[in-house]
Number of protein chains: 2
Amino acid sequence: MRVLGVDPGLTRCGIGVVDSLPARRAELVAVGVLQSPPQDSVDLRLLRISERLDVWLDEHMPDVVAVERVFAQHNVGTVMGTAQVAGLAMVAAARRGVPVALHTPSEVKAAVTGSGRAGKEQVQRMVASILGLAEPPRPADAADALALAICHLWRPAGALQGGERNQLTPAQRAWAAAEHAARRGVG
Amino acid sequence: MRVLGVDPGLTRCGIGVVDSLPARRAELVAVGVLQSPPQDSVDLRLLRISERLDVWLDEHMPDVVAVERVFAQHNVGTVMGTAQVAGLAMVAAARRGVPVALHTPSEVKAAVTGSGRAGKEQVQRMVASILGLAEPPRPADAADALALAICHLWRPAGALQGGERNQLTPAQRAWAAAEHAARRGVG
């Protein structure tokens, strides 16, 4: 399975592609940062990011696009641009019929390091270790996008989110709902 | 000049097209509401709105797209979807080379009614009156989109915003900056 992770941002949008390997290993396919010039107007900046997202999706043809879930409580100064870029990534995936999964930052940290409260550096070191890289990918946005992709590969079985739910048959959906209710009951 | 106004929203996105006429009059061209089913996943909902925005832009070929400026302080429960739909409208315009203008709700109220604190009903009545309609367009999202378009047509001369600034030549931009500085000086 190939996952394309997106750490959304208007000035810097991290993007990374990871393939799953047998025995819970993962391989780096590509990683980068999409940028837009802060002196341009928002519409032109969003267009630029959107066009670059299209190129990455067409080039790497992921099975899933994993996007960081953006909350209104994020940094007020940047949250609008972040939310808008996340939206563009979702639409770019949906337009190609690729399922979308949203993961929170603490889900990502927990999946990669075992702790939902891990620091940024710890996450970056673990990303490097998991992918067999000599050092953490730079810049941090790129490492975060890879962490999102790894989080999606290693998420708990049955944990389906966002767009992915829509890919299920009615029977699978009922089963997932029952599982979810059961988990809530015992948790 | 033809302006397409967008009152962004994920469940209901108001959209309206207005042409300017001589002597500060305006004519309704089209108005509607783009909807997406709340039971669908966000990626599919955004895709649906995005595709409908494309249809409206291709059909009506506006000179400017006016979008409500979304703030992080908006309703926390809906602000992410609202911001994302605003982003899609901006990208749809930018992809066609159509300038984008962002207007705040109080700018819209002031342009249409003369008061930045006007109530929703007052705005809707004025929209009907300006466009020569027997009654306010329904639903409210549709009326708000028309108010945005009228606001853009009737904005103070020289008040350039958002993407529109990028359409200027360097000389025009310097002139606009000087005007802006002068207005601040006397205001």
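These numbers were taken from a predicted model, which means no experiment stands behind them.

> Looking at this structure, how should I read the relation of the copies chain B and chain A?
At an RMSD of 0.0 Å, chain B and chain A line up after a rotation of 180° and a shift of 0.0 Å along the axis. Taken together, the turn and the small shift mark the pair as related by a two-fold rotation axis. Relative to the rotation axis, the closest C-alpha in chain B is found at Gln 84 of chain B, a distance of 2.2 Å. Taken as a fraction of all interface residues of chain B, those also at the interface in chain A reach 100%, which identifies the copy contact as same-surface.

> Explain the confidence of the model for chain A here, please?
Low pLDDT marks stretches whose predicted atomic positions should not be read closely. All names here are of chain A. In this model, chain A carries an average pLDDT of 86, and 82% of its residues clear a pLDDT of 70 or more. Here residues 161-173 scores under 50 on pLDDT; set against residues more than four positions off or in separate chains, the count is 26 contacts. Throughout residues 179-187 the model reports pLDDT below 50, and contacts reaching past four residues in sequence, or to other chains, amount to two contacts. The ipTM for the predicted assembly is 0.82, set against a pTM of 0.83.

> I keep staring at the pairing of strand β2 (residues 12-21) of chain A and nothing clicks. Help me out?
The two faces of the sheet receive side chains in turn, since in a regular strand these alternate between them. Residues and elements named next belong to chain A. For β2, the tally of buried residues reaches seven of ten residues, placing the bulk of the element in the interior. Summarising the sheet, strand β1 (residues 2-7) and β2 pair through six bridges and their orientation is antiparallel. Of the residues in β2, the one forming a bridge with Val 3 is Val 18. In this antiparallel pair of consecutive strands, β1 and β2, the connection spans four residues. Hairpin connection between β2 and strand β3 (residues 25-35): a loop of three residues separates the two successive antiparallel strands, and Ala 23 in this loop has a positive phi of roughly 60°.

> Mind showing me how you'd approach helix α1 (residues 42-60) of chain B here?
Since one α-helical turn is 3.6 residues long, residues separated by three or four positions face the same way. All names here are of chain B. For α1, with 19 residues, the first-to-last C-alpha span of 27 Å sits near the 27 Å given by 1.5 Å per residue. Taken as a whole, α1 has its buried residues at Asp 43, Arg 45, Leu 46, Leu 47, Ile 49, Ser 50, Leu 53, Trp 56, Leu 57 and His 60. Within two residues after α1, Met 61 carries a phi angle of roughly 40°, on the positive side.

> So what exactly am I meant to see when it comes to the environment of Pro 8 of chain B here?
Residue and element names in this part refer to chain B. Within the fold, Pro 8 resides in the loop between β1 (2-7) and β2 (12-21). Along the primary structure Pro 8 and Gln 84 are separated by 76 residues, whereas in three dimensions their C-alpha atoms are 8.4 Å apart. In this structure Pro 8 touches Cys 13, Val 67, Glu 68, Val 70, Thr 82, Val 85 and Ala 86, once residues within four positions along its chain are discounted.

> Whenever I open this one, the sheet that holds β3 of chain A confuses me. Can you help?
Paired through backbone hydrogen bonds, the strands of a sheet run either parallel or antiparallel to each other. Residue and element names in this part refer to chain A. The five strands are arranged β3-β2-β1-β4-β5 in an open sheet whose pairing can be described as mixed. The open sheet is flanked by β3 and β5 (100-103), the only strands paired with a single partner. Within the sheet, the average angular offset between the axes of one strand and its neighbour, ignoring direction, is 20°. With ten bridges joining them, β2 and β3 adopt antiparallel strand pairing. Looking at the pairing, Asp 19 lines up with Glu 27 of β3. Sitting on the sheet, helix α1 (residues 42-60) touches β1, β2, β3 and β4 (64-68), and the angle it makes with β3 is about 155°.

> It is not clear to me how the packing of aromatic side chains should be interpreted in this structure. Could you clarify?
Both the distance between ring centres and the angle between the ring planes are used here to describe each pair of aromatic rings. This model, assessed by the stated rule, comprises zero aromatic pairs over all chains. Directly above the ring of Trp 154 of chain B sits Arg 24 of chain B, whose terminal nitrogen or CZ lies 4.4 Å from the centroid.

> Where do I start with the environment of Ala 110 of chain B in this structure?
Residues and elements named next belong to chain B. Residue position: Ala 110 is located in helix α3 (residues 105-113). Residue classification places Ala 110 among the partly exposed residues on the basis of a relative accessible area of 35%. Sequence separation between Ala 110 and Val 123 is 13 residues; the distance between their C-alpha atoms is 9.2 Å. In this view, Ala 110 contacts Ser 115 and Gly 116; residues no more than four positions away in its chain are not counted.

Rules and cut-offs
- Residues numbered from 1 in each chain as written.
- Chains lettered and ligands numbered in written order.
- Predicted model: local features only at pLDDT ≥ 70, side-chain atom pairs only at ≥ 80, totals over all residues.
- Heavy atoms only, no water.
- Least-squares fit on C-alpha atoms with pLDDT ≥ 70 in both.
- Contact = heavy atoms within 4.5 Å.
- pLDDT = per-residue confidence, 0-100.
- Buried < 20%, exposed > 50% of the residue type's maximum accessible area, 1.4 Å probe, protein only.
- Helix = DSSP H or I, 4+ residues; strand = E, 2+ residues; numbered from the N terminus.
- Pairing = 2+ DSSP bridges.
- Expected span 1.5 Å × (residues − 1).
- Axes fitted to C-alpha atoms, helices over the stretch in contact; angles between N-to-C directions.
- Phe/Tyr/Trp six-rings, centres within 6.5 Å; stacked < 30°, edge-to-face > 60°.
- Lys NZ or Arg CZ within 6 Å of the ring centre and 35° of its normal.

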